[in-house]
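Given next are the chains, with one letter for each unit.
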Amino acid sequence: MSVLDVRDLKKSFGKNHAVQGISFSVSAGEVFTIIGPNGAGKTTTLEMIEGLVTPDHGEILFGNLTWEKNSKTIKQMIGVQPQSSAMFDLLNPEENLDLFATFYDKARPTEEVLKLVNLTDHRKNHVKKLSGGQRQRLAIGLAMISDPDIIFLDEPTTGLDPQARRNIWDIILELKKLGKTIILTTHYMEEAEKLSDRVCIVDQGKIVTLDTPAALIAKLTEEREVRLAFIDGAAAAEEAEVFSQNIDSVVRTEREGSSLKLWSTNPEDTLYDLFGFTKEKNYKVEQVSIREMSLEDVFIAFTGKEWRD
């Protein structure tokens, strides 16, 4: 069931056409992730959906509710964690949550939210003394205090160390278990790939592709990259390259010194044939790996831009 429908959204700032006809639907309980290069229109799109920016054109529907007619109701059913969260530094997490709870008709118990975002042990520490990861967890807690059906998380892990980032991932997955719908933007490909039910790639204000991470990767290519490093040096790699070029599943090869890379539609069978060759020749392989395609490869293929954190 669709809980959010975005139809032909457009927004310009002077001559800058930030969003140029974006449309998508989000299902209940889904983690829907929007990614794209800097300046692609991600944040503007999110701000229009959140009711912070008025679209020049298009519709935003929460079921049958619209911002024009039902803004008060929508504000009660969504939670927003923006890139720069407003919280009171001289209050502790418990006090911040209690204060934000007064802004809504209903609120989730502060104790539950503290536990959910793993801040129970830091509930009495002033916000200004919290680490970056703890502040981000509190920001998500503040977005959760009204017990919303839909939660918007705008780059919640930017600038965090790997451990703090994975703590946020755990919270997002827990929110999904609770049946919450999450709309996420992120700068991290691994994050999008691991957390998302579907990924929407935006570039120059338009959607360039939208699907599950697995389906996006599958669309990219049927080939996988196989890498081998030969102890016996460049001559062994050269002979193996010549042999591999006669294997039906091998599409192309690339050799540098004692290292050989090849692209195969059936890497397991390719390696079986190659290892038969190396055993016959008594060549020793030092390293072997099969590189799976990733969401980052999809991103580069569809936008023509290298991803940078």
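Since the model is a prediction, treat every value here as computed from it, not as a measurement.

How each quantity is defined
- Residues numbered from 1 in each chain as written.
- Predicted model: local features only at pLDDT ≥ 70, side-chain atom pairs only at ≥ 80, totals over all residues.
- Heavy atoms only, no water.
- Pairing = 2+ DSSP bridges.
- Helix = DSSP H or I, 4+ residues; strand = E, 2+ residues; numbered from the N terminus.
- Axes fitted to C-alpha atoms, helices over the stretch in contact; angles between N-to-C directions.
- Contact = heavy atoms within 4.5 Å.
- 1 Å grid on protein atoms, 1.4 Å probe; cavity = no way out; pocket = protein on both sides within 12 Å on 5 of 7 lines; lining within 4 Å.
- Points joined across faces, edges and corners; volume = space filled by probe spheres on them.
- Nonpolar A, V, L, I, M, F, W, Y, C, P; charged D, E, K, R; others polar.
- Polar contact = N/O pair within 3.5 Å; in protein donor to acceptor, adjacent residues only side chain to side chain.
- Expected span 1.5 Å × (residues − 1).
- Buried < 20%, exposed > 50% of the residue type's maximum accessible area, 1.4 Å probe, protein only.
- Arc of directions from axis to C-beta.
- Phe/Tyr/Trp six-rings, centres within 6.5 Å; stacked < 30°, edge-to-face > 60°.
- Salt bridge = Lys/Arg side-chain N within 4 Å of Asp/Glu carboxyl O.

Draft legend 1. Highlighting the sheet that holds strand β7 (residues 181–185). Across the sheet, which stays open at both edges, the six strands sit in the order β5-β6-β7-β3-β8-β9 with mixed pairing between neighbours. Each of the sheet's edge strands pairs with one partner strand only, and the pair in question is β5 (78–81) and β9 (206–211). Taken over all neighbouring pairs, the strand axes of this sheet differ in orientation by 15° on average, direction set aside. Those strands touched by helix α2 (residues 67–77) are β5 and β6 (150–154), and its axis lies near 75° from that of β5. Each of β3 (31–35), β8 (198–203) and β9 touches helix α11 (residues 295–303); the most contacted strand, β8, lies at about 35° to it.

Draft legend 2. Quick peek at the pairing of strand β12 (residues 259–264). Here strand β10 (residues 224–230) pairs with β12 via six bridges, running antiparallel. Bridge pairing in β12 links Arg224 to Ser264. Sheet analysis places strand β11 (residues 250–256) next to β12, joined by six bridges and oriented antiparallel. Counted as the bridge partner of Glu256 is Ser259 from β12.

Draft legend 3. Main features of the layout of surface pockets. Roughly 430 Å³ of volume is contained in the largest pocket. If you go around the largest pocket, you meet 19 residues; those closest to its centre are Gly79, Val80, Pro82, Phe100 and Tyr104. Those elements giving two or more residues to the lining of the largest pocket turn out to be α2, β5 and α5 (132–144). With four residues, β5 is the largest single contributor of residues to the lining of the largest pocket. Partitioning the lining of the largest pocket into residue classes produces twelve nonpolar, five polar and two charged. In this model, the second largest pocket occupies a volume close to 230 Å³. Lining the second largest pocket are 13 residues, with Thr54, Pro55, Ile60, Trp67 and Glu68 positioned closest to its centre. Mapped by element, the contributors of at least two residues to the lining of the second largest pocket are β4 (57–61) and α2.

Draft legend 4. Local environment of the side chain of Gln134. With respect to the element layout, Gln134 can be found in helix α5. A polar atom in the side chain of Gln134 sits 2.9 Å from the backbone nitrogen of Ser131. Each residue touching Gln134, except ones within four places of it in the same chain, is listed here: Leu119 and His122.

Draft legend 5. The arrangement of the environment of Val80 in detail. With respect to the helices and strands, Val80 occurs in strand β5. Once the C-alpha coordinates of Val80 and Pro148 are considered, the two residues, 68 residues apart in sequence, prove to be 9.3 Å apart. In contact with Val80, not counting residues within four places along its chain, are Glu50, Ala143 and Phe152.

Draft legend 6. Representation of helix α6 (residues 162–177). Compared with an ideal rise of 1.5 Å per residue, which puts 16 residues at 22 Å, α6 spans 23 Å between its outermost C-alpha atoms and is within 8% of the ideal. Within the span of α6, buried status applies to Ala164, Arg165, Ile168, Trp169, Ile171, Ile172 and Leu175. Taken around the axis of α6, the buried residues stretch over an arc of 160°, which confines them to a single face. Across α6 from its buried face, at more than 90 degrees, point the exposed residues Pro162, Gln163 and Lys177. Residues of α6 that are buried sit in contact with α4 (110–116), α5, β6, β7 and α7 (189–195). Looking one or two residues beyond α6, the residue adopting positive phi is Gly179, at roughly 90°.

Draft legend 7. Examining the packing of aromatic side chains more closely. The final tally for this structure, using the stated rule, is five aromatic pairs. Aromatic side chains Phe100 and Phe103 sit 5.2 Å apart centroid to centroid with 50° between the ring planes, which places their arrangement in the tilted category. The class for Phe103 is partly exposed, based on a relative accessible area of 48%. Where Phe243 meets Phe277, the ring centres are 4.6 Å apart and the plane angle is 15°; that geometry is what we call stacked. Placement of the pair is Phe243 in helix α9 (residues 234–244) and Phe277 in helix α10 (residues 267–281), with a sequence separation of 34 residues. Residue classification places Phe243 among the partly exposed residues on the basis of a relative accessible area of 30%. The buried category is assigned to Phe277, whose relative accessible area is 9%. Here the aromatic residues Phe243, Phe277 and Tyr283 are joined through ring pairs into a cluster of three or more.

Draft legend 8. Representation of α9. Of all the residues in α9, the buried ones are Ala236, Ala237, Ala240, Glu241 and Ser244. Buried positions in α9, seen along its axis, are confined to an arc of 140° and lie on one side of it.

Draft legend 9. Structural view of the pattern of salt bridges. For the structure on display, the rule yields 19 salt bridges. Asp197 is the partner of Lys176 in a salt bridge, and the nearest nitrogen-oxygen pair spans 2.8 Å. Residue Lys176 is found in helix α6, and its partner Asp197 is found in the loop between α7 and β8; the two are separated by 21 residues along the sequence. One network of salt bridges, with partners in common, ties together Glu94, Glu111, Arg123 and Lys124.

Any functional reading would require information beyond the geometric quantities listed.
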